[in-house]
Amino acid sequence: MANRLSMIVFSGTVDKLYPVAILASGAVAMGQEVRIFLTFWGLMALKKGAGAQLQVSKDYEAMGAEMARIMQEKKVPSWLDTLRTAKELGDVKVYACGMTMDLFQLKLEDLEDVVDGVAGVGEFIEEARQGEISLFI
Amino acid sequence: MANRLSMIVFSGTVDKLYPVAILASGAVAMGQEVRIFLTFWGLMALKKGAGAQLQVSKDYEAMGAEMARIMQEKKVPSWLDTLRTAKELGDVKVYACGMTMDLFQLKLEDLEDVVDGVAGVGEFIEEARQGEISLFI
Amino acid sequence: MANRLSMIVFSGTVDKLYPVAILASGAVAMGQEVRIFLTFWGLMALKKGAGAQLQVSKDYEAMGAEMARIMQEKKVPSWLDTLRTAKELGDVKVYACGMTMDLFQLKLEDLEDVVDGVAGVGEFIEEARQGEISLFI
């Protein structure tokens, strides 16, 4: 089996995108390949400029403001910068879901530069099944 | 290892049920078996007639109306019809969580016809561990 | 591959913590090892005394009160007691995410006694990749 972490990223709230980037970083540090498949709200969150409008999940809203304050104080990099660093340090590929792209009439140039290309769900499953860890986030 | 995708479906919002059906379709197209274990809100969403009342996740409410409009305009089939088609095309089994059934005093005939039977969590884990991809949705 | 179920527990709503405990119980009953990695809101939910304030996910609020009533009536143990029992019956280890601990300046003694220790995300990935099932909850 390939030493690979695959993540289907459906969610588009900032607190759920942090674990995506942190898991990618952790995996790269352990020598793993990382494959990310952005779909639905996870893809919307990667539209150019969307980052500034991302919200904390409503379930944790009450704690969200404190988390944001602490992160700012400790100068924690944004989730997107954390993902960019993971891409610089290891083999991390980010794909946009072709079906979501079609549905919302998006083009690759509408998305942040961390996105490497467009893929179908079948192609992603084929890569994921050869890997060791697959997560839906 | 079996060429199998296992999904534990806990969520019962319509935007999260679409990926279940789309992943099932994609997996079937790649020749994979699919096993789905409905629990908690994911099981409630399969009660007969529940489909019409399903909501978009509150975190994405603001984008939900536009998504619904686009899907209607492009005549995207419902998530349940997408799952039905996947079942016709390949080896897709849908199980209801026995514990949730007991708790809410549900019977198999209370559920949509895509549900094949009732299973315990241990039985599901036993099938999932032999497969290549397991997701919690 | 190790007969192991690994769960990254990001969520901190009571309805999502039940499946963590129930999956742990089911896995232990099937002879599996269980490894749990608490991060973000999942870790916050394990702060001493936090259990009493846990909420149902907002998406299912309308059904939450009925669920709570049924569970009380049927004397279903709390998710935390279910996890405790799983730990007594099998090899279940619960780790707190080191990064979240640092960020919120938490110490091990601030957490419920089910938590065995602190771990880094890389260490957890290394354990998970040797196991058969890995889930993000």
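First, a word on what this report is: a plain description of the structure on this page.

Rules behind the numbers
- Residues numbered from 1 in each chain as written.
- Chains lettered and ligands numbered in written order.
- Predicted model: local features only at pLDDT ≥ 70, side-chain atom pairs only at ≥ 80, totals over all residues.
- Heavy atoms only, no water.
- Least-squares fit on C-alpha atoms with pLDDT ≥ 70 in both.
- Pairing = 2+ DSSP bridges.
- Helix = DSSP H or I, 4+ residues; strand = E, 2+ residues; numbered from the N terminus.
- Axes fitted to C-alpha atoms, helices over the stretch in contact; angles between N-to-C directions.
- Buried < 20%, exposed > 50% of the residue type's maximum accessible area, 1.4 Å probe, protein only.
- Arc of directions from axis to C-beta.
- Contact = heavy atoms within 4.5 Å.
- Buried area = accessible area lost by both parts, 1.4 Å probe.
- Salt bridge = Lys/Arg side-chain N within 4 Å of Asp/Glu carboxyl O.

Let's talk about the relation of the copies chain A and chain B
Argument step 1. Superposition record for chain A on chain B: RMSD 0.0 Å, screw rotation 120 degrees, translation along axis 0.0 Å. In short, the pair behaves as if placed about a three-fold rotation axis.

Description of the sheet that holds strand S4 (residues 117-119) of chain B
Residues and elements named next belong to chain B.
Argument step 1. A sheet is described by the order of its strands in space; here 5 strands give the open sequence S4-S3-S2-S1-S5, paired in parallel fashion. Edge positions in the sheet fall to S4 and strand S5 (131-136), since each has one partner strand and no second. Neighbour to neighbour, the strand axes of the sheet diverge by 25 degrees on average, direction disregarded.
Argument step 2. Examined bridge by bridge, strand S3 (residues 92-97) and S4 share 3 bridges and lie parallel to one another. Directly across from Ala96, in S4, lies its bridge partner Val118.

Here's the deal with helix H4 (residues 79-89) of chain A
Residue and element names in this part refer to chain A.
Argument step 1. Every buried residue belonging to H4 is among Trp79, Leu80, Thr82, Leu83 and Ala86, and all of these are buried. In a view along the axis of H4, the buried residues occupy a sector of 160 degrees, so they form one face of it. In H4, the exposed residues that point more than 90 degrees away from the buried face are Glu88 and Leu89.
Argument step 2. Close packing links the buried residues of H4 with helix H1 (14-29), strand S2 (33-38) and strand S3 (92-97).

Thoughts on the interface of chain C and chain A
Argument step 1. Each partner contributes to the interface: chain C provides 27 residues, whereas chain A provides 29 residues.
Argument step 2. When chain C packs against chain A, the two sides together hide about 2500 Å² of surface, and 75% of this comes from carbon and sulfur.
Argument step 3. Area buried by chain C at its contact with chain A is led by C:Trp41, C:Arg129 and C:Phe136, which between them contribute 28% of it.
Argument step 4. The interface formed by chain C and chain A contains 1 salt bridge.

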